[in-house]
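The residues making up each chain are set out below.
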Amino acid sequence: GNNMATLQIAGEKEINIEHEPLLPCPFCGGDGEVGNTHTPYYSVECLDCGAAVHGKCYWTTQASHRSVSAHKKALFSAVVTWNTRVTKPKEVSGE
């Protein structure tokens, strides 16, 4: 589903983890997918139009490269970034 991702930890086994469900793409309404390159730095990309966001990078030390905690924080930051929506500014009435 759109609320599961795999933590791809270098030198370790992959760990499936549940996260907040991904909202539809804010541009086209398509489905998002979590991406990763075996580092604590994750992204979410729309499978239809290719729009993408990146979460915060938690690669602060060589040890964080293999830290489950760092990977979780990085994954969750990408999901929160993808799911953040800005409300439309209020129209200012002319006087």
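The structure we're discussing is the one just above.
Residues numbered from 1 in each chain as written. Predicted model: local features only at pLDDT ≥ 70, side-chain atom pairs only at ≥ 80, totals over all residues. Heavy atoms only, no water.

Trainee: Residue-level account of the overall build of the protein, with values.
Mentor: Within the protein, the secondary structure is distributed over 1 helix and 5 strands. Taken from the N to the C terminus, the helices and strands of the protein come in the order β-β-β-β-β-α. Compactness check: the protein gives a C-alpha radius of gyration of 16 Å against a globular reference of 12 Å for 95 residues, more than 25% above the reference. Out of the 95 residues belonging to the protein, those deemed buried represent 32%. Taking the contacts inside the protein whose residues are at least 6 apart along the sequence as the reference set, 47% of them involve residues at least 24 apart. Working note: accessible area of the protein is about 6,300 Å², and carbon and sulfur atoms make up 52% of it. In the protein, 8 positive and 10 negative side-chain charges are present, and the distance between their average locations comes to 10 Å. (Helix = DSSP H or I, 4+ residues; strand = E, 2+ residues; numbered from the N terminus. Rg over C-alpha atoms; globule rule 2.2 N^0.38 Å. Buried < 20%, exposed > 50% of the residue type's maximum accessible area, 1.4 Å probe, protein only. Contact = heavy atoms within 4.5 Å. Areas by Shrake-Rupley, 256 points an atom, 1.4 Å probe, with all protein chains shown as cover. Lys, Arg positive; Asp, Glu negative; His and termini not counted. Charge placed at Lys NZ, Arg CZ, Asp CG, Glu CD.)

Trainee: A description of the sheet that holds strand S3 (residues 32-36) should follow, citing residues and the corresponding values.
Mentor: In space, the 3 strands of this open sheet follow the order S3-S4-S5, with antiparallel pairing throughout. Because the sheet does not close on itself, it has two edges, and the strands there are S3 and strand S5 (52-54). For this sheet, the mean inter-axis angle between neighbouring strands, taken without regard to orientation, is 20 degrees. With 3 bridges joining them, strand S4 (residues 42-46) and S5 adopt antiparallel strand pairing. Paired with Ser-43 across the bridge in S5 is His-54. (Pairing = 2+ DSSP bridges. Axes fitted to C-alpha atoms, helices over the stretch in contact; angles between N-to-C directions.)

Trainee: Account for the pairing of S3, naming residues and giving values.
Mentor: Two faces, one strand: in a regular strand the side chains alternate between the faces of the sheet. With 5 bridges joining them, S3 and S4 adopt antiparallel strand pairing. Residue pairing across strands places Gly-35 opposite Ser-43, the latter belonging to S4. Connecting the antiparallel pair S3 and S4 is a turn made up of 5 residues, with His-38 showing a positive phi of about 65 degrees.

Trainee: Tell me what's going on with helix H1 (residues 68-83), and back it up with residues and numbers.
Mentor: In this model H1 runs 22 Å from its N-terminal to its C-terminal C-alpha over 16 residues, within 8% of the 22 Å that 1.5 Å per residue would give. Those residues of H1 that fall on the buried side of the exposure criterion are Ala-70, His-71, Ala-74, Leu-75, Ser-77, Ala-78, Val-79, Trp-82 and Asn-83. Tucked inside the fold, the buried residues of H1 contact strand S1 (4-7), strand S2 (15-18), S3, S4 and S5. You can read the cap of H1 off the contacts: a side-chain oxygen lies 3.4 Å from the backbone nitrogen of Ser-69, and it is on Ser-67. (Expected span 1.5 Å × (residues − 1). Polar contact = N/O pair within 3.5 Å; in protein donor to acceptor, adjacent residues only side chain to side chain.)

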